[in-house]
Amino acid sequence: MSTPLVVGVAFVAILTWLVVRSSTKKPYPPGPKGYPIIGNLLDLNTDPWRLFANLADKYGEIFHLDVVGQHIVVLNSLEAATEVLDRHSSATSSRAPNIVLQEYMTNGTTIGFMPYNETWKKVRRISHDALTRVASVNYDNLRVRESIVLIDALLQDSSEWQEQLKKEFASITLSGFFGYPALTSFDDPAFVGIYDFVERVEKALTPGNYVVEFIPFLKYLPVSLAKWKGDLNVSHEKDYALFRQLRDNGVGFAEKSGRNSLAASLAADAQKMGLTIDDEVWLLALLFVGGTDTCSDMMQWFFFTMIAHPDVQRKAQEELDRVVGRSRTPTRADLDHLPYFTAVVRELLRYRSPAPIGMPHYSTEDSWYKGYLIPKNSIVTFNQWAITHDKEAFGEDAALFNPDRYFNGSVGSETLKETKGTGHHGFGFGKRACVGRYFAEDSLNLICAQILWSLNIEAKHKNEKGEPILPSPNELPPGFAGHPLPFEIQVNLRFPDARVVLDNLKESLPA
Ligand code: HEM
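Cut-offs applied
Residues numbered from 1 in each chain as written. Predicted model: local features only at pLDDT ≥ 70, side-chain atom pairs only at ≥ 80, totals over all residues. Helix = DSSP H or I, 4+ residues; strand = E, 2+ residues; numbered from the N terminus. Rg over C-alpha atoms; globule rule 2.2 N^0.38 Å. Contact = placed C-beta atoms within 7 Å. Buried ≥ 20, exposed ≤ 12 C-beta atoms within 10 Å, placed from the backbone. Pairing = 2+ DSSP bridges. Core = buried A, V, L, I, M, F, W, Y, C linked by C-beta atoms within 7 Å. Near = placed C-beta within 6 Å. Axes fitted to C-alpha atoms, helices over the stretch in contact; angles between N-to-C directions. Parallel < 35°, antiparallel > 145°, perpendicular 65-115°, else oblique. Left-handed = near helix turned anticlockwise from the far one by under 90°. Nonpolar A, V, L, I, M, F, W, Y, C, P; charged D, E, K, R; others polar.

A. Spatial organisation of the overall build of the protein. The number of helices and strands found in the protein is 20 helices and 8 strands. Relative to its length of 511 residues, the protein is compact, with a C-alpha radius of gyration of 25 Å against a globular reference of 24 Å. Overall, the C-alpha framework of the protein stretches about 105 × 55 × 40 Å when taken along its three principal axes. Contacts in the protein between residues far apart in sequence, at least 24 positions, make up 71% of those at least 6 positions apart.

B. Summary view of helix 3 (residues 78-87). Across the 10 residues of helix 3, 8 count as buried, placing the element largely inside the fold. For helix 3, the complete set of buried residues consists of Leu78, Glu79, Ala80, Ala81, Thr82, Glu83, Val84 and Leu85.

C. Geometry of the sheet that holds strand 2 (residues 70-75). Taken in spatial order, the 4 strands make up an open sheet running 1-2-6-3, and their pairing is mixed. Either end of the sheet is taken by a strand with one partner, and the two such strands are strand 1 (62-67) and strand 3 (361-362). Across 2 bridges, strand 3 lies against strand 6 (residues 379-382) in antiparallel orientation. Looking across to strand 6, one finds that His361 is bridged to Val380.

D. Molecular detail of the nonpolar core. With 123 residues, the main nonpolar core has Phe52, Ala81, Ala263, Leu284 and Ala285 as its most contacted residues. In this structure, Ala263 is in contact with Phe177, Phe178, Arg247, Gly250, Val251 and Leu284, ignoring residues within four places of it in sequence.

E. Structural detail: the site of the ligand. Around the ligand, a shell composed of 27 residues is seen, among which Gly290, Gly291, Gly428, Cys434 and Gly436 lie nearest. Only helix 12 (277-291), helix 13 (293-308) and helix 19 (437-454) provide two or more residues apiece to the shell around the ligand.

F. Broad picture of the pairing of strand 2. Counting buried positions along strand 2 gives 5 out of 6 residues, so the element sits mostly inside the fold. Judged from the 6 bridges that link them, strand 1 and strand 2 form a sheet pairing that is antiparallel. Its bridge partner being in strand 2, Leu65 is matched across the sheet by Ile72. What sits between strand 1 and strand 2 in their antiparallel hairpin is a turn of 2 residues, with Val68 showing a positive phi close to 50°. Across 4 bridges, strand 2 lies against strand 6 in parallel orientation. Its bridge partner being in strand 6, Ile72 is matched across the sheet by Ile379.

G. Layout of unusual backbone geometry. Non-glycine residue Ile37 carries a positive phi angle of around 65°. Relative to the helices and strands, Ile37 resides in the loop between helix 1 (3-24) and helix 2 (48-59). A positive phi angle, near 65°, is found at Asn377, a position not held by glycine. Assignment of secondary structure puts Asn377 in the loop between strand 5 (372-374) and strand 6. C-beta crowding within 10 Å serves as the criterion here: with 15 such atoms nearby, Asn377 is assigned to the partly exposed category.

H. A look at the packing of helix 7 (residues 140-156) against helix 20 (residues 497-508). At a closest axis distance of 10 Å, the pairing of helix 7 and helix 20 adopts a crossing angle of 135°. Comparing the axis directions of helix 7 and helix 20 gives the class oblique. Handedness of the crossing formed by helix 7 with helix 20: left-handed. In this structure, helix 7 uses Val144, Ile148 and Ile151 to contact helix 20, whose residues at the interface are Leu502, Leu505 and Lys506. By residue class, the composition of the contact of helix 7 with helix 20 is 5 nonpolar, no polar and 1 charged.

I. Representation of the environment of Leu218 in the model. Here Leu218 shows up in the loop between helix 9 (189-205) and helix 10 (227-257). Note on Leu218: 16 C-beta atoms within 10 Å, which makes it partly exposed. Considering only alpha carbons, one finds Leu218 and Ile307, 89 residues apart in sequence, at a separation of 50 Å. Apart from the residues lying within four places of it in its own chain, the contact partners of Leu218 are Val211, Val212 and Ala226.

J. Fine view of the packing of helix 10 against helix 11 (residues 262-273). It is the contact of helix 10 with helix 11, at a shortest axis distance of 7 Å, that shows an interaxial angle of 95°. Classified by the interaxial angle, the pair formed by helix 10 and helix 11 is roughly perpendicular. Across the interface between the two elements, Arg247, Gly250, Val251 and Ala254 from helix 10 touch Ala263, Ala264 and Ala267 from helix 11. For the contact of helix 10 with helix 11, the class distribution of residues is 5 nonpolar, 1 polar and 1 charged.

K. View of the environment of Tyr59. On the secondary structure map, Tyr59 appears in helix 2. The contacts of Tyr59, once residues within four sequence positions are left out, are Pro30 and Gly31.

All we've got here are geometric facts, nothing functional implied.
Structure (structure tokens):
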């Protein structure tokens, strides 16, 4: 073939390739341009919530990243999240594979992190049945008991208030799930062992900590060449022994005392569903993970907002005085008559989240949003931080903490419909929405009510104008954490008789 002919054929071939390539280019959502092969990998060097917030500002309600071939789609408006995760939930209800958590730390029954499969459906069903709105009432005494423990501890010394909150929710969960006695010390072996497990779960879920997640064949290396496998085997045995013991105690406690425990409720249903005791053990462990730091992170935001908005604190306390009075503390029955106070808790769940960049779903089929393709096997997450700022859904002042938005029409009928009447999206979307939401809502409502009834909350440090010194609410700690940056608080009893009421109540509650 002559040279001009070769050049001509090559030219036509390249042109044809370019035309075919451009016509088959997939209509992914917009996003930052990546490098060949690694795609947007280097973008992930920034804190995820900050990266997502910046990209949401730039690209709007949906954007797309490609990290070494893994598609990541991020939804930044309430409309996009409800459309993709609620209405297309048949395509977007799985979770991304996680080798370390699934295969090494547990036997795969990790409710919040397992793929959408038959076992997930079973554990989801029994957890749902054990954590219904009605079942949640069983934990009220524990909620009040631990509120009083917390109030007493804060009045004595509020310097470790974040740790006290952690202990409070661990104690509610340990007692409620396993019949464990109230935690009296940070050194309690169950508290220490469980938090050790929680930290290892967080480590397993943070991208980059285990290379095997990117290069799966590394799991076939012998332990002598893969120290991480040996370490995980050791901690697996330790974790299993702890949770197995707690589970067995929880079942035995319910039989002996006639009182309820989550372990006993799950055990009864699990056997009917054909689940093993090991499934129960890991389900309980993962429900503990899902239910403790989430609640204590939200309580940190409660203290933050009450200090940053003393007018809201006073208004809620006035309502409590009017409706409940000062001779007893608030109960569940009062909540229906406390519209302002309950709006404060709703607004808290709207305003901030323990999961600021959502909890990633995983798509099992292609789906579409406004002409953009969300391909099968994508990580699809809802950007809680950006959704919070969605003016269309929550009004012009969406970025601010303002419980009045539920009374002044800022939260319109469409938003109420899309959030199933709650006016917030704090518990996620679709089939994977939080299974502990009634447990969580009731805990926040009852505990915040006891605290506001008993205490005035202030910042420990004030500036020369007497204003509280607080970190910016628009900054978060590095990584994935969903609580405010550190600050110090100061609390005082609102009125002297509160002491007597709290002491009498404490006497009447189960240990
Ligand atoms: C205020 C406290 C809480 C908040 C704000 C919260 C929020 C969330 C969110 C945003 C999700 C992800 C939903 C999604 O993927 O669309 C979730 C999932 C989950 N939550 Fe909660 N949660 C809280 C408390 C609890 C409690 C108390 C429990 C257990 C007793 C719990 C158990 C779970 C579980 C197991 C999942 C995973 C569900 C699944 O993948 O099937 N959470 N939660």
